[in-house]
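Inside the fold
Residues per chain, in single letters:
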Amino acid sequence: MEIITNLIFWIVWIVGIIFAPRIASNKGYSGFAWFLYGLLLAPIAIVHALLMSPLCPYCTEKINRNAKRCPHCTSELNNT
Ligand SMILES: [Zn+2]
């Protein structure tokens, strides 16, 4: 049973290392910083990456994920 617990632990960690930087960089954050975050705290990093607000690609201010226009710099946002 211990082998299975260890296996699940490592799978969660590897998923965190792969997906936390991917989600974060899609939202405009530094992929490298989030890779390190994933490396240290994979399960927390992945939840954090999913919940955090995206950044405006023009002024890097935090914005609502459904916003069509940045409230800070008024740039048009094309969310898909
Ligand atoms: Zn902006």
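The structure reproduced in this document is the subject of the present report. Throughout, residues of each chain are indexed from 1 in the direction in which the sequence is written. With pLDDT at 70 or above as the cut-off, local features in this predicted model cover only qualifying residues; side-chain atom pairs require 80 or more to be listed or tallied, and sums for whole chains, interfaces and linings still use all residues.

Moving on, we come to the overall build of the protein chain. In terms of helices and strands, the protein chain carries 2 helices and 0 strands. Two things to know: the radius of gyration comes from C-alpha atoms, and the globule rule equals 2.2 Å times the number of residues to the power 0.38. Taken over the C-alpha trace, the protein chain has a radius of gyration of 16 Å; the compact-globule value for 80 residues is 12 Å, which it surpasses by more than 25%. By principal-axis analysis of the C-alpha atoms, the protein chain measures approximately 55 × 20 × 15 Å. Within the protein chain, buried positions represent 19% of all 80 residues. Within the protein chain, residue pairs in contact and separated by at least 24 positions form 34% of the contacts whose partners lie at least 6 positions apart. A run of H or I in DSSP counts as a helix once it spans at least four residues, and a run of E counts as a strand once it spans at least two, with each numbered from the N terminus. Whether a residue is buried, exposed or partly exposed follows from its count of other C-beta atoms within 10 Å of its own C-beta, namely 20 or more, 12 or fewer, or something in between, respectively; the C-beta atoms are built from the backbone. The contact criterion used here is simple: two residues whose C-beta atoms, placed from the backbone, lie within 7 Å are in contact.

Most often, soluble globular proteins keep nonpolar side chains buried together rather than apart. With 10 residues, the main nonpolar core is built from I17, A20, I23, A24, W34, Y37, A42, A45, I46 and A49. Where this core is concerned, the elements lending two or more residues are helix 1 (2–26) and helix 2 (31–51). Among the elements that take part in this core, helix 2 stands out by supplying 6 residues, more than any other. Only buried Ala, Val, Leu, Ile, Met, Phe, Trp, Tyr and Cys residues enter a nonpolar core, and they are joined through C-beta atoms within 7 Å.

Looking now at unusual backbone geometry. One non-glycine residue, T60, lies in the positive phi region at around 55 degrees. What makes T60 exposed here is the crowd of 12 C-beta atoms within 10 Å. The phi dihedral of T74 is positive, around 60 degrees, even though this residue is not glycine. With respect to the secondary-structure elements, T74 resides in the segment after helix 2.

What follows deals with helix 1. To estimate how far a helix should extend, the number of its residues minus one is multiplied by 1.5 Å. The end-to-end C-alpha distance of helix 1, which contains 25 residues, comes to 36 Å, matching closely the 36 Å that a straight helix rising 1.5 Å per residue would cover. The largest bend in helix 1 comes to about 25 degrees, at G16. Those residues of helix 1 that fall on the buried side of the exposure criterion are G16, I17, A20, P21, I23 and A24. Just downstream of helix 1 lies G28, where phi reads positive at about 100 degrees. The term bend refers to the angle at a residue between two fitted axes, each drawn through seven residues, those ending there and those starting there.

So, on to the packing of helix 1 against helix 2. A fitted line through C-alpha atoms serves as each axis, taken over the contacting stretch for helices, and the angle formed by two N-to-C directions is quoted from 0 to 180°. For the pair helix 1 and helix 2, interaxial distance at closest approach is 7 Å and the crossing angle is 100 degrees. In this view, helix 1 runs roughly perpendicular relative to helix 2, as classed from their interaxial angle. In this structure, helix 1 contributes V12, W13, V15, G16, I17, F19, A20, P21, I23, A24 and S25 to the contact, and helix 2 contributes G31, W34, F35, Y37, G38, L39, A42, P43, A45, I46, A49 and L50. Class assignment for the residues of the contact of helix 1 with helix 2 results in 19 nonpolar, 4 polar and no charged. Here roughly perpendicular refers to angles of 65 to 115 degrees, roughly parallel to angles under 35, roughly antiparallel to angles over 145, and oblique to all remaining angles. Residues are sorted three ways: Asp, Glu, Lys and Arg are charged, Ala, Val, Leu, Ile, Met, Phe, Trp, Tyr, Cys and Pro are nonpolar, and all the rest, Gly among them, are polar.

Between its first and last C-alpha, helix 2 extends only 16 Å over 21 residues, short of the 30 Å set by a 1.5 Å rise per residue. In the structure, helix 2 departs most strongly from a straight axis at L41, where the bend amounts to approximately 130 degrees and where the proline P43 lies between one and four residues downstream. By the burial criterion, the buried members of helix 2 are W34, Y37, G38, A42, A45, I46 and A49. Buried residues along helix 2 sit in contact with helix 1.

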